[in-house]
Amino acid sequence: ANHSGTGNSPYIGVATYPDGAGLFGHQDLGGSMGEWVLDYHAAELCSGGVETCSDHANLGFSSNRVLRGGNWLTGYTALRTTYRDPQTPSNRSYLVGIRCAR
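Report on the accompanying structure. A quick note: this is a predicted structure, and the numbers were derived from the prediction, not measured.

**Things to note about the overall build of the protein**
So, point 1. If you tally the helices and strands in the protein, you get zero helices and six strands.
So, point 2. When the helices and strands of the protein are listed from N to C terminus, the series reads β-β-β-β-β-β.
So, point 3. Considering the protein as a whole, with its 102 residues, one finds that 24% of them fall into the buried category.
So, point 4. Taking the intrachain contacts of the protein between residues at least 6 apart in sequence as the baseline, contacts between residues at least 24 apart amount to 57%.

Structure (structure tokens):
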């Protein structure tokens, strides 16, 4: 993962860490920036029960959406893609972005 603790610049090329490629060839999931996802934030993922989840996304209403993974400045524990951070959608930062996925 690209992280301030690695001594690298936050501005490195895509696919700089090929050893971390996922099953479908996706890369660079850890570090660099946190990523907005569709889910609304809840204390527990899909806390209303399975019937309120659609494709494992929490589509119920909350004032916060979810940011996944850490950014270049967060601690190592936040670099995992399973890390969830509640943020208001109006939050803007150069440390936050999106990832297109299917």
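**Quick look at the environment of Thr 16**
So, point 1. Looking at the secondary structure, you find Thr 16 in the segment before β1 (34-40).
So, point 2. Separated by 15 residues in the primary sequence, Thr 16 and Ala 1 place their C-alpha atoms 9.0 Å from one another.

**Thoughts on the pairing of β1**
So, point 1. Bridge analysis of β1 against strand β6 (residues 96-98) gives three bridges, and the strand direction is parallel. Across the sheet, the residue bridging to Glu 35 is Gly 97, located in β6.
So, point 2. Of the pairings in the sheet, the one linking β1 to strand β4 (residues 65-68) comprises three bridges and is antiparallel in character. The partner of Trp 36 across the bridge, within β4, is Leu 67.

**Overview of the sheet that holds β4**
Strand pairs in the sheet, formed through backbone hydrogen bonds, run parallel or antiparallel to each other.
So, point 1. A sheet is described by the order of its strands in space; here four strands give the open sequence β5-β4-β1-β6, paired in mixed fashion. This sheet does not close on itself; its edge strands, each paired only once, are β5 (84-87) and β6. The average undirected angle you get between the axes of adjacent strands in this sheet is 45 degrees.

**Considerations on the side chain of Asn 71**
So, point 1. Take Asn 71: it is sitting in the loop between β4 and β5.
So, point 2. Polar contacts involving the side chain of Asn 71 include one to the main-chain amide nitrogen of Leu 73, which spans 2.7 Å.
So, point 3. With near-sequence residues (within four places) excluded, Asn 71 lies in contact with His 3, Gly 31, Ser 32, Met 33, Gly 34, Leu 79 and Leu 95.

**Structural notes on the environment of Gly 34**
So, point 1. Looking at the secondary structure, you find Gly 34 in strand β1.
So, point 2. Sequence separation between Gly 34 and Tyr 94 is 60 residues, and the spatial gap between their C-alpha atoms is 9.5 Å.
So, point 3. Beyond its immediate stretch of four places on either side in the chain, Gly 34 contacts Arg 68, Gly 69, Gly 70, Asn 71, Leu 95, Val 96 and Gly 97.

Conventions we followed
Residues numbered from 1 in each chain as written. Predicted model: local features only at pLDDT ≥ 70, side-chain atom pairs only at ≥ 80, totals over all residues. Heavy atoms only, no water. Helix = DSSP H or I, 4+ residues; strand = E, 2+ residues; numbered from the N terminus. Buried < 20%, exposed > 50% of the residue type's maximum accessible area, 1.4 Å probe, protein only. Contact = heavy atoms within 4.5 Å. Pairing = 2+ DSSP bridges. Axes fitted to C-alpha atoms, helices over the stretch in contact; angles between N-to-C directions. Polar contact = N/O pair within 3.5 Å; in protein donor to acceptor, adjacent residues only side chain to side chain.

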